[in-house]
Amino acid sequence: MDHPHPTLDAGELRLRPSTHQDLDLLAEWFAAPEMCRWWGGRPLPRDEVSAKYTGRRCPRVESFIVELRDEPIGYIQYHLEGPGDAGLDMMLVPSARDQGLGPLAARMLIDHLVRDRGWRHITVDPAQDNGRAIRAWKKAGFRVERPWDDHPDGPALLMRLADPT
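A. Molecular detail of helix H5 (residues 131–139). The complete set of buried residues in H5 reads Ala-133, Ile-134 and Trp-137. Down the axis of H5, the sector holding all buried residues measures 100 degrees, keeping them to one side. Of the residues trailing H5, Gly-141 is marked for its positive phi of about 110 degrees.

B. Structural detail: the side chain of Asn-130. Within the fold, Asn-130 resides in the loop between strand E6 (121–124) and H5. Engagement of the side chain of Asn-130 in a polar contact is seen with the backbone nitrogen of Ala-133, the distance being 3.2 Å.

C. Just the sheet that holds strand E1 (residues 8–10), in detail. Pairing is mixed across the open sheet formed by 8 strands, whose spatial order is E1-E2-E3-E4-E5-E6-E8-E7. On the outer flanks of this sheet lie E1 and strand E7 (142–148), each paired with one strand and no other. Across this sheet, the average inter-strand angle for adjacent strands is 25 degrees, counted without regard to direction. Across 3 bridges, strand E5 (residues 85–92) lies against E6 in parallel orientation. Note on E6: the bridge partner recorded for Gly-87 is Thr-123.

D. Summary view of the pairing of strand E2 (residues 13–17). Where burial is concerned, most of E2 is hidden: 4 out of the 5 residues are buried. Both E1 and E2 contribute to a ladder of 3 bridges, which runs antiparallel. Residue pairing across strands places Leu-8 opposite Leu-15, the latter belonging to E2. The pairing of E2 with strand E3 (residues 61–68) spans 5 bridges and is antiparallel. Residue Pro-17 lies in a different strand from E3, and its bridge partner there is Phe-64.

E. Main features of the pattern of salt bridges. Throughout the structure, instances matching the rule amount to 12 salt bridges. When the shortest N-O distance is used, the salt bridge between Asp-111 and Arg-107 registers 2.9 Å. Of this pair, Asp-111 and Arg-107 both sit in helix H4 (residues 101–117), 4 residues apart, which is roughly one turn of that helix. Judged by relative accessible area, which is 33%, Asp-111 ranks as partly exposed. With a shortest N-O distance of 2.6 Å, Arg-160 and Glu-145 are connected by a salt bridge. Residue Arg-160 is found in strand E8 (residues 156–161), and its partner Glu-145 is found in strand E7; the two are separated by 15 residues along the sequence.

F. Representation of helix H3 (residues 46–53) in the model. Residues Glu-48, Val-49 and Tyr-53 constitute the buried set of H3. Angular distribution of buried residues about the axis of H3 spans 100 degrees; they occupy a single face of the element. Along H3, exposed side chains directed more than 90 degrees from the buried face belong to Asp-47 and Ala-51. Those residues of H3 that are buried are in contact with helix H1 (23–29), E3 and strand E4 (71–82).

G. Structural context of the nonpolar core. Ranked by internal contacts, the top residues of the largest apolar core, which has 47 residues, are Leu-88 and Phe-142. Considering every element that reaches this core, the biggest residue donor is H4, with 8 residues.

H. Structural context of the packing of aromatic side chains. Applying the stated rule across the entire model yields 6 aromatic pairs. When the centroid spacing of 5.3 Å and the interplanar angle of 85 degrees are considered together, the rings of Tyr-53 and Tyr-75 count as edge-to-face. Here Tyr-75 lies in strand E4 and Tyr-53 lies in helix H3, a separation of 22 residues in the sequence. Judged on exposure class, the residue Tyr-53 and its partner Tyr-75 are both buried. Measuring from ring centre to ring centre gives 5.3 Å for Trp-137 and Phe-142, while their planes differ by 80 degrees; the resulting arrangement is edge-to-face. Of the two residues examined, Trp-137 and Phe-142, each falls in the buried class. Members of the aromatic cluster, each reached through a chain of ring pairs, are Phe-30, Tyr-53 and Tyr-75. Above the face of the Trp-148 ring, Arg-146 is positioned so that its terminal group lies 5.6 Å from the ring centre.

About the criteria used
- Residues numbered from 1 in each chain as written.
- Predicted model: local features only at pLDDT ≥ 70, side-chain atom pairs only at ≥ 80, totals over all residues.
- Heavy atoms only, no water.
- Buried < 20%, exposed > 50% of the residue type's maximum accessible area, 1.4 Å probe, protein only.
- Helix = DSSP H or I, 4+ residues; strand = E, 2+ residues; numbered from the N terminus.
- Arc of directions from axis to C-beta.
- Polar contact = N/O pair within 3.5 Å; in protein donor to acceptor, adjacent residues only side chain to side chain.
- Pairing = 2+ DSSP bridges.
- Axes fitted to C-alpha atoms, helices over the stretch in contact; angles between N-to-C directions.
- Salt bridge = Lys/Arg side-chain N within 4 Å of Asp/Glu carboxyl O.
- Contact = heavy atoms within 4.5 Å.
- Core = buried A, V, L, I, M, F, W, Y, C linked by side-chain atoms within 4.5 Å.
- Phe/Tyr/Trp six-rings, centres within 6.5 Å; stacked < 30°, edge-to-face > 60°.
- Lys NZ or Arg CZ within 6 Å of the ring centre and 35° of its normal.

What follows is the structure, given as structure tokens:
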């Protein structure tokens, strides 16, 4: 990355870079059936969660905790696919779903990446049978580009941000 990411703040909703202090929380989330069902399909061991999702400063991936009124409610990340090209992934705890928080968190990150990083091509790849995620990504401005039947995690949809500005 060019420089570390700031915490993105929109009043009650905030995206802050994940740290190793988030390991217990993330390990719990990535082991919960209702979360991992859509995120790799299997519970993840604690050491794998630590390596992949806490405080990583991988040159191609950046991880954030989504907080509502200072309470952690989800996880969002982006990964670079090429110059100006990125993919997003997100999950929210069940109690935070169906309130418009997912699309809002996505737009916060998208706005930052477009405005501050100059990105123009942003995609997501929800599972084809994850209607909630597909609806949320559409509300955040994504449109279905094509089915992705041979996706490594199972049949997905490739969705692209319709208008990055």
